[in-house]
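Residues per chain, in single letters:
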Amino acid sequence: MQEFNKILVGAAFSPNLKVNIFQACRFATFFDAKLYVVHIGSSDESKLRQLNEIVKDFNFTGEIEFVFKEGKPIEVLSYICEENQIDLLILGAQQRENIFKHYIGTVAKKLTRKVKCSVLLLRNQSKVEFVKKHIVVNGLESESSENTIATAFYTAKGLSSKKITIVEEIANEGLKVDDDRSLRKATINYERKTHQEDLRIKKIIANISEEYQKGIEVKLQSIFGRSGYAIGHYARVVRADLLVMDIPKKSGIFQKFMMDDLDFILSELPTDVLIVK
Amino acid sequence: MPVKKVNNFMETLPQNIFSGFVVSLIALPLGLGLALASEAPPISGIIAAVVGGIIVSIFGGSKVTITGPGNGLVVVLLTSITTLGGGDLQLGYMYTLAAIVCSGVIMILLGFLRLGILSDFFPSTAIQGMLAAIGVGIFAKQFHVMLGNTHEDGGLVELLIEIPKTIQHFITTNDHNFFYAGIAGLVSLAIMVFHAKIRNKYFQLIPAPMWIVFFAVGMSYYYQLVLKQEHPIDEEWLIRIPEDVFSSLAFPNFNIIYKFEFLAAVVSITLIASIESLLSIKAVDLLDPLKRRSNVNRDLKALGLATMVSGFLGGLNVVTVIARSSVNVNNNATNRTSNFFHAVFLLVFLLLFQKQLHMIPMSALAAILVYTGYRLAAPSNLLSVSRVGKDQLIIFIITLLTTIFTSLIMGILAGILATFIAHVMMNKDIVLFFRNILKPNVLMFKETDGSYYVSVKSFSSFLNFFRLKNKLNLIPETENVVVDFSRCRFVDNTVMENMNTYVEKFEAKYGNLEVVGLDLHGTETTHPFASRRMIQRSLKTKGFSLTKRQTNLEIVAKDFGWKYIPYTEESIGLMSEFTYFKTRQIQATKNLLQNKNDTLFDVVFTEGAFIARQLIRSTMFHITMEHQIPEFTLDKEGLFEFVKQYTEFSDIEIPNHSDFDKRFYLSGTNKEEVLKFFTDDVILFLESNNYYHIESNKQGLLIFKKERLASVKEVKAMIDFGLRFEKLIKEKYARA
């Protein structure tokens, strides 16, 4: 399980600045973490003053550090992340990348892939606080799924969420339906797979400490759809407040050219997304 | 199980043999006619039917389909036979046989690659346009033959222009051959047209094409035996069947396999054969009284194999044919044996009645095809397409004309392109399509109560219908399914049509599939299959036609004797008084089912102004109470969790009902009154019925189940629950 003790937020002096910093402060408060506010550019008295004012506005009481550094955003940010052993990088994302905002999206995408820490992509840019009632977690079997689910519970605790839905995606592979007989087979196969998945997830949950599970309703949901993509669609249908997922490994040359789960999620950003590493 | 299966098989064998016999009566003249129309030897059509019937009945994956030579291929085969040989029909025929063998190989490959889904990529109007063009093609050529003019050649357009000339020639001719052949053709056409109109059980027992054969053979015998004259029509006008069928088979010639024209012929043949077969299988599945699913990929493999064998033996393509299959179903066929016996009977006829078959004039067979061609191209098709929308009419005409003036492949491509352009123009948005075409847009999951929920987003048209289809095919037809298009900006007529097929399939097996979320989509026409496009503006009735769900709701309202109001500008009751709507903002209420105190309605709302997230749709039931009842919320899934933010609400546990407390969260403002309200009978009622969220605001009750639109089935259940609950409370207060 990953804990969020050091949180980093990038500060671009855009109209969104205040909202971004507020969000970051909120998360840092929830997890009792140290906050790093990083600006790519020269150090400047007025900028520093502006940042300080925002933090003061929020009444942030935790530990905070301002970093100014020049260079290319992706390299600088990932360097700082590594140097300070940051646990969580917060990126404010645009809801939809149209032609004008594509640049921002690309940077966020590349960063998400490059940094070694977890990344929180915020779609809902709101100064007003609202509760993250419902968290949807990708429970798809992978090496890191245990970590992902545990982190989701940890996050839920921190954000005082009420409900976690762990989504298992039943892939279409092996479920080829042609006629009544293959349909029957597929249905049985699906039931069995769902059962197996439920068992697997329950085992993972059993290993998570009681403390994190208290007061949280846990639901297991299996869905059909293209892996990675359907979970975004699901998060949207059930109006989840946060989607937690791990980053799938790209294996093979062919897959390098294919859209993977992350590309799908990033291109649509169904809700706020936490990518656990 | 196996014993029962065998018994069942033996039990139904006689009816399958009979059905196969009836079908073979049609298949015989049709096989001869289709082959003649393609300028192939008449026997080649019979070979295709015999080979197809035997091979596909053994290896196929569908149950009650009949296979053999198909209408759709006439035009393609005719073109390839007349052009590939450079005018030499015999050579052209042999080259075409090679093309048929190749197309068989490709069809087998399509089957293995599971491309049975192929036919879903063609917009339905484009396919109808193409079929109409094929009809025109058959009609244009065969009309001449029917009137005795067997020598009319040339392109489709020329053939059409020459029609008046042939009619004139028929009237003025002195050649007895010409005249009698024309008379035979016209009588045959009359038989085709009036057969269905004569309501005589015994007359109907024999299909029209067979009556034509009887007529032709009878005429011949009448001249020979009664009048003791020569047959009035010379051999040249009669069909030619080799004396010894097995020794005079033609074989394919693969010499020009590398040529472009050859490859084009292979592609055309494969395309049309696959589309015709797949569409027929789909249609026959709906006719099947047992509603079994056909394994289309397996059928494709079997058809490919049959086509290969048939081609090697000098026969035409084997495809699944709709007309003969529906005759098969009507004669109570239950499995593939009928297809097998149809082949056997054909073979028997061929061997026993060789002499009699010689007596049939070509014009009589041409009449069958004229009738078929007319049916395919009838102006009524044009009318039914235009009812779906003006754009569809344009697409239909573009496909039809392109096919007539160029080729089938160009025609269908033009149809696809025209459809896509129409979609882009209708939405005034091309980005929607390009951005989303490659993305999976369908999510399916099983809800906690066991019903399936399918959500479709972005757009749904012939371009990506296969994704939706793939998901829907995973659901057994006995289940309850809700298909929600509310996240879809555009749904085209191909999808609407297919969804209707799914609704029928589920109905047939006592499941339930309902389409919801199309109320906000406007249409051009009132046709149920008209394309639907999301309209953001006001909810005025203009530009909307009722969706199937809406018409069904109207029926439900009628059943209950209630009023149905599809759109309203007014808000219902005092909705904001309910705690659920304290933070949620109602955008619109629609589809009201109203009675005195009760209203069922769809409601569109957002979760609070500042959160300003997406629209949520739900179906709710509101009851105005005659007595004042305590304020409370009853809930199971934590939907009302936030209520605890309002301090005046507190959790209430009912003493001595631990089971109830475990299952429900009850909270209210006045604990004593709530406890008084929840008497044993109320608790028993709630425990023993399906679960609903119930909320009271003192004057009224709000009942709903899910934060999505309810299907009509769920609406009925909800009304029933609400009314019974209302009655229970009324009685309670009456007693008090």
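Please read all numbers here as calculations on a predicted model, not as lab measurements. Think of each chain on its own: its residues are numbered from 1, step by step along the sequence as written. Ligands are numbered from 1 and chains lettered from A, in the order in which they are written. Reporting in this predicted model follows two pLDDT cut-offs: at least 70 for local features of residues, and 80 or more for side-chain atom pairs to be given and counted; totals over whole chains, interfaces and linings ignore these cut-offs and use all residues.

S.K.: Honestly, helix H9 (residues 208-226) of chain B in this entry has me stumped. Any pointers?
M.R.: Since one α-helical turn is 3.6 residues long, residues separated by three or four positions face the same way. All names here are of chain B. Here a strand is any run of E in DSSP of at least two residues, a helix any run of H or I of at least four, and the numbering for each starts at the N terminus. Each helix should span, by expectation, one fewer than its residue count multiplied by 1.5 Å. With 19 residues, H9 should cover 27 Å at 1.5 Å per step; its first-to-last C-alpha distance of 25 Å lies within 8% of that length. Exposure criterion: with C-beta atoms placed from backbone coordinates, a residue whose C-beta has 20 or more other C-beta atoms within 10 Å is buried, one with 12 or fewer is exposed, and one in between is partly exposed. When we look at burial in H9, the residues that qualify are Ala208, Pro209, Met210, Ile212, Val213, Ala216, Met219 and Ser220. Downstream of H9 by a residue or two, Lys228 has a phi angle that is positive, lying close to 50 degrees.

S.K.: Mind showing me how you'd approach the sheet that holds strand S12 (residues 616-624) of chain B here?
M.R.: Across a sheet, paired strands are connected by hydrogen bonds in the backbone, their directions being either parallel or antiparallel. Residues and elements named next belong to chain B. Spatial strand order, S9-S10-S11-S12-S17-S16-S13-S15-S14: nine strands in an open sheet with antiparallel pairing. Taken across any chain shown, the strands that pair with only one partner, and hence form the sheet edges, are strand S9 (563-568) and strand S14 (650-651). Here, any two strands with at least 2 DSSP bridges between them count as paired. Bridge count between strand S10 (residues 585-594) and strand S11 (residues 598-606): seven bridges; the pairing is antiparallel. Opposite Ala588, over in S11, you have Val604 as the bridge partner. Here, residues touch in the contact sense if the C-beta positions derived from the backbone fall within 7 Å of one another. Helix axes are fitted only over the stretch in contact, all axes being lines through C-alpha atoms; the angle between N-to-C directions runs from 0 to 180 degrees. Seen against the sheet, helix H26 (residues 712-735) touches S11, S12 and strand S17 (700-704) and runs at an angle of roughly 25 degrees to S12.

S.K.: I tried to follow the nonpolar core on my own but got confused; where do I start?
M.R.: Looking at soluble globular proteins, one finds that nonpolar side chains tend to be buried together. One nonpolar core equals one set of buried Ala, Val, Leu, Ile, Met, Phe, Trp, Tyr and Cys residues connected by C-beta atoms within 7 Å. In terms of nonpolar packing, the biggest core is built from 271 residues, with Ile7, Leu89 and Ile90 of chain A together with Leu365, Ala367 and Ile703 of chain B touching the most fellow members. Considering each element in turn, this core owes the most residues, 14 residues, to helix H5 (residues 124-146) of chain B. Excluding anything up to four places from it in sequence, Ile703 of chain B contacts Met620, Phe621, Tyr692, Ile694, Met718, Phe721 and Gly722 of chain B.

S.K.: How should the domain arrangement of chain B be read in this particular structure?
M.R.: Much of the literature gives interface size as the accessible area that the parts lose upon coming together. Residue and element names in this part refer to chain B. Boundary definitions for the domains trace back to an automatic or database domain assignment. When cut into domains, chain B gives domain 1 (2-393), domain 2 (435-519) and domain 3 (572-588 + 597-735). Centre-to-centre separation of domain 2 and domain 3, based on C-alpha positions: 30 Å. If you look at the interface, domain 2 gives eight residues, while domain 3 gives six residues. Residue assignment for the side of domain 2 that touches domain 3 shows that the elements contributing at least two residues are strand S5 (480-491) and strand S6 (512-516). Counting residues per element, the side of domain 2 that touches domain 3 draws most heavily on S5, at four residues.

S.K.: How should the domain arrangement of chain A be read in this particular structure?
M.R.: Residue and element names in this part refer to chain A. Partitioning chain A into structural domains gives domain 1 (6-122) and domain 2 (134-276). On the side of domain 2, ten residues touch domain 1, which itself brings eleven residues to the contact. Of all the secondary structure elements, the ones that give two or more residues to the side of domain 1 that touches domain 2 are helix H1 (17-31), helix H4 (102-114) and strand S5 (118-122). Counting residues per element, the side of domain 1 that touches domain 2 draws most heavily on S5, at five residues. Polarity classes work like this: nonpolar for Ala, Val, Leu, Ile, Met, Phe, Trp, Tyr, Cys and Pro, charged for Asp, Glu, Lys and Arg, and polar for all others, with Gly in that last group. Of the residues assigned to the side of domain 1 that touches domain 2, the class counts are seven nonpolar, three polar and one charged.

S.K.: What is the right way to look at the packing of helix H16 (residues 379-388) of chain B against helix H17 (residues 390-405) of chain B in this model?
M.R.: Each pair of packed helices gets described by two things: the angle between the helix axes and the distance between those axes. Residues and elements named next belong to chain B. Running from amino to carboxyl end, H16 crosses H17 at an angle of 140 degrees, the nearest separation of the two axes being 5 Å. Comparing their axes, H17 and H16 come out oblique. Judged by the twist between their axes, the crossing of H16 over H17 is right-handed. On H17, the residues touching Leu382, Val385, Ser386 and Val388 of H16 are Lys390, Gln392, Leu393 and Phe396. Considering only residue class, the contact of H16 with H17 consists of five nonpolar, two polar and one charged. When an angle is under 35 degrees it counts as roughly parallel; over 145 it counts as roughly antiparallel; between 65 and 115 it counts as roughly perpendicular; any other value is oblique. Here a crossing is called left-handed whenever its near helix is offset anticlockwise from the far helix by less than a right angle, and right-handed whenever the offset is clockwise.

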